[in-house]
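Understanding the architecture of this molecule
Listed below are the residues making up each chain.
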Amino acid sequence: MPDLPRVLSSEIVYHGRLFNVELDRLAMDGGVIAERETLRHPGAVCMVPVLDDGRILLVTQYRHPAGQRLLELPAGTLEKGEQPATAAIRELQEEVGYRPATSEALGGFFVAPGYTSEYIHLFACTGLEPGRLPGDEDEDIEVETLTLDAALDAVEDGT
């Protein structure tokens, strides 16, 4: 297996509210110098909230890069220094208005490792009780309740 590239330089070329963009110069195997742009993201959580009757809570919200409202699992960005399990409970209350009695870590994944460092921690949330926290003022979220079969159908048909 080849060695990992050596970082020769790293420069923040964009500093944003939610993330930064870095331009890195890398020394690759064979003497090649490569440049990589990386969207540096603080990480996120994604929850699968399951009601006592087995239905799943999802959200729809406008996603500007996609140019449309998307049906999604509730999710949110980690705050500085926040643990993923704490963020999952907070975000669930902000997005769907429920607090879970149980929040089980299911692992996680990189969203698009070709250009972003964003890693999403996934949680199954059960024993849901009403409990709303105020969400971000610029969010336009509607809660949808689907059976597991309907949610899987939505995945299959691209909804």
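What this report covers is the structure whose coordinates are included nearby. (Residues numbered from 1 in each chain as written. Predicted model: local features only at pLDDT ≥ 70, side-chain atom pairs only at ≥ 80, totals over all residues. Heavy atoms only, no water.)

For the protein, the helix and strand inventory stands at two helices and ten strands. In the protein, the succession of helices and strands from N to C terminus is β-β-β-β-β-β-β-α-β-β-β-α. The principal-axis extent of the C-alpha atoms belonging to the protein is close to 60 × 30 × 30 Å. Within the protein, contacts between residues separated by at least 24 positions form 53% of all contacts whose residues are at least 6 apart in sequence. Summed over all atoms, the accessible surface of the protein reaches about 10,200 Å², with 53% contributed by carbon and sulfur. Of note, the protein has its 12 positive side-chain charges centred 7 Å away from the centre of its 29 negative side-chain charges. (Helix = DSSP H or I, 4+ residues; strand = E, 2+ residues; numbered from the N terminus. Contact = heavy atoms within 4.5 Å. Areas by Shrake-Rupley, 256 points an atom, 1.4 Å probe, with all protein chains shown as cover. Lys, Arg positive; Asp, Glu negative; His and termini not counted. Charge placed at Lys NZ, Arg CZ, Asp CG, Glu CD.)

What the rule picks out here adds up to two aromatic pairs. On the numbers, 6.3 Å between centres and 50° between planes, the contact of tyrosine 14 with phenylalanine 19 is tilted. Judged by relative accessible area, tyrosine 14 falls into the partly exposed class, the value being 46%. Geometrically, the ring pair formed by phenylalanine 110 and tyrosine 119 is edge-to-face, given 5.0 Å between the ring centres and 75° between the ring planes. (Phe/Tyr/Trp six-rings, centres within 6.5 Å; stacked < 30°, edge-to-face > 60°. Buried < 20%, exposed > 50% of the residue type's maximum accessible area, 1.4 Å probe, protein only.)

With antiparallel pairing, the three strands of this open sheet are ordered in space as S6-S5-S10. The strands lining the two open edges of the sheet, one partner per strand, are strand S6 (68–72) and strand S10 (141–146). Here the average twist between neighbouring strands, direction ignored, is 25°. The pairing of strand S5 (residues 56–63) with S6 spans five bridges and is antiparallel. Within S6, the residue paired with tyrosine 62 across the bridge is arginine 69. (Pairing = 2+ DSSP bridges. Axes fitted to C-alpha atoms, helices over the stretch in contact; angles between N-to-C directions.)

Next up on the list: the environment of aspartate 29. Inspection of the secondary structure puts aspartate 29 in the loop between strand S2 (20–27) and strand S3 (33–40). The exposure class of aspartate 29 is partly exposed, given its relative accessible area of 47%. Linking aspartate 29 and arginine 6, residues 23 residues apart in sequence, is a C-alpha distance of 9.2 Å. Among all residues touching aspartate 29, those that are not within four sequence positions of it are Pro2 and Asp3.

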